[in-house]
Amino acid sequence: MAVMQIHGAVALVTGASSGIGRATALALAQRGATVLLHGRNRAALDEVADRTGGTVLVEDLVEPGAGRRLADRALAAAGRLDMVIANAGVGAAGSFTTTPEDLPARLIAANLTAPIELARAVLPGMLAQGRGSIVFVTSIAGRTGVAGEAVYAATKAGLDAFAESLRLELHGTGVRVGVLVPGVVATDFFTRRGRPYGRRRPRPLSPHAAAVRIVRLVETGRAEVYLPGWLRLPVAVRAVTPGLYRRLAARFGGS
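All of the points below concern the structure found in this document. (Residues numbered from 1 in each chain as written. Predicted model: local features only at pLDDT ≥ 70, side-chain atom pairs only at ≥ 80, totals over all residues. Heavy atoms only, no water.)

Our next topic: the overall build of the protein. Within the protein, the regular secondary structure consists of ten helices and seven strands. Expected size for 255 residues packed as a compact globule is a radius of gyration near 18 Å; at 18 Å, the protein falls within 12% of this value. Each principal axis of the C-alpha distribution contributes one length, and for the protein these read about 50 × 40 × 30 Å. When burial is assessed residue by residue, the protein has 46% of its 255 residues classed as buried. Partitioning the intrachain contacts of the protein with sequence separation of at least 6 by distance along the chain shows that 66% fall at a separation of at least 24. Of the accessible surface of the protein, which amounts to about 12100 Å², a share of 55% is contributed by carbon and sulfur atoms. Of the charged side chains in the protein, 31 are positive and 18 negative, and the gap between their average positions amounts to 10 Å. (Helix = DSSP H or I, 4+ residues; strand = E, 2+ residues; numbered from the N terminus. Rg over C-alpha atoms; globule rule 2.2 N^0.38 Å. Buried < 20%, exposed > 50% of the residue type's maximum accessible area, 1.4 Å probe, protein only. Contact = heavy atoms within 4.5 Å. Areas by Shrake-Rupley, 256 points an atom, 1.4 Å probe, with all protein chains shown as cover. Lys, Arg positive; Asp, Glu negative; His and termini not counted. Charge placed at Lys NZ, Arg CZ, Asp CG, Glu CD.)

Here it is in C-alpha cells:
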C-alpha cells in the first residue's frame, strides 16, 4: 500500500518548465494530482499547464526570499500542499578561479537557500494535516565531488545533508522526505551550465526515467533513489576507500 496517494493530492513542482520537473509534473497529473508549476519561462510553463491543467507560478529562485514567496503563492492558489518536488536548480561548469564573482552566491541561493526556505514555509501545513511528502532532486556531484563544478557540487551536498537531517527530524510525523540522486539526464542542464556533456559513457537517461523514480519516492516514502542505481557504487567506494576513489576520479573524472 502506498504511503502517499497521488490521486487527489496537490503537488508543487519547481523547475517544471523543462527536463525532470516537466516530466514529473506530467507524471503526477496523469496519476490524478493537481499540479502547481513553478519556473522562470512563462511560455514553457503555459505549455505544461495546457497538458496538465496546472497553475503557473513564475518565480526566480535566485532572488532573496523567493522560496518563501513561492510557498505563499502556491498555498494561496491551492489552499494546501500535499507534496513538494524541489527540482529547480542552477548549474555552472569551469575553473573555480575564473568563476564570475557573483556566481557562487547565485548557485547557493537557487540550489540551497530557496529549497530550505520553501520547506520551512510548507511544513507547518503538512504537519497540521499529518501527512506530506517533500522530494529534493540532488546530484551525484554532491555525493562524490566533481572537478570543474566545485560550487555546484557544494550546493547539492548541502541540500543532501539538509534533506537527511530533516527526514530524521520529521520521523513519525507523517511527513516524508526523500531525495533523487541523478547522474546524467538528457536535459538542457549541461548546455545551460556552460559546458555540454561530452562523454560517451554513461549515456544520459531520460527525464521520464527520473520522473518515474520521483513518483516512486512519493508513493513509498523511501529516503533516496539513485538514477541509475549503479551510482551507489562510486559513493560506496569513496566511503570505504577514499584514496582509491580519488585516484580513479583524477584519472577518469570529468563531465
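Taken in spatial order, the seven strands of this open sheet run β3-β2-β1-β4-β5-β6-β7, and their pairing is parallel. Every other strand in the sheet has two partners, leaving β3 (55-58) and β7 (224-227) as the edge strands with one partner each. If you compare each strand with its neighbour and ignore which way they point, the axes differ by 15 degrees on average. In this sheet, strand β5 (residues 132-137) lies alongside strand β4 (residues 83-86) in parallel orientation, the contact comprising four bridges. Bridging from a neighbouring strand, Val84 pairs with Ile134 of β5. The strands that helix α4 (residues 103-129) touches are β1 (10-13), β4, β5 and β6 (175-182); relative to β5, the one it contacts most, it runs at about 165 degrees. (Pairing = 2+ DSSP bridges. Axes fitted to C-alpha atoms, helices over the stretch in contact; angles between N-to-C directions.)

Inspection of the entire model under this criterion finds one cavity of 30 Å³ or more. In this structure, the largest cavity occupies an estimated 40 Å³ of space. In terms of lining residues, the largest cavity is bounded by Thr14, Leu61, Leu70, Ala86, Asn87, Ala88, Ala114, Pro115 and Leu118. Per element, the largest residue contribution to the lining of the largest cavity is three residues, and it comes from α4. The residue makeup of the lining of the largest cavity, split by class, is seven nonpolar, two polar and no charged. (1 Å grid on protein atoms, 1.4 Å probe; cavity = no way out; pocket = protein on both sides within 12 Å on 5 of 7 lines; lining within 4 Å. Points joined across faces, edges and corners; volume = space filled by probe spheres on them. Nonpolar A, V, L, I, M, F, W, Y, C, P; charged D, E, K, R; others polar.)

Spanning 20 residues, helix α6 (residues 150-169) covers 29 Å between terminal C-alpha atoms, matching the ideal 28 Å at 1.5 Å per step. Burial in α6 covers these residues: Val151, Tyr152, Ala153, Thr155, Lys156, Leu159, Asp160, Ala163 and Leu166. (Expected span 1.5 Å × (residues − 1).)

Tracing the backbone through its elements, the reader meets Pro124 in helix α4. Among the residues examined, Pro124 registers a relative accessible area of 44% and is labelled partly exposed. For the pair Pro124 and Arg222, spaced 98 residues apart in the sequence, the C-alpha separation amounts to 21 Å.

We now examine the packing of aromatic side chains. Inspection of every chain in the model, using the stated rule, returns one aromatic pair. Ring geometry for Phe136 versus Phe162: centroids 5.8 Å apart, planes at 80 degrees, classification edge-to-face. Highlighted residues: Phe136 in strand β5 and Phe162 in helix α6, separated in sequence by 26 residues. Owing to a relative accessible area of 21%, Phe162 belongs among the partly exposed residues under this scheme. (Phe/Tyr/Trp six-rings, centres within 6.5 Å; stacked < 30°, edge-to-face > 60°.)

In terms of nonpolar packing, the biggest core is built from 35 residues, with Leu12, Leu36, Leu81, Val84, Val122, Ile134 and Phe136 touching the most fellow members. Residue assignment for this core shows that the elements contributing at least two residues are β1, α3 (66-78), β4, α4, β5, α6 and β6. Of all the elements, α4 adds the most residues to this core, at eight residues. Contact partners of Leu81, with chain neighbours within four places excluded, come to Val10, Leu12, Leu36, Ala74, Leu75, Val122, Met126 and Gln129. (Core = buried A, V, L, I, M, F, W, Y, C linked by side-chain atoms within 4.5 Å.)

On their own, these measurements won't tell you what the molecule is for.
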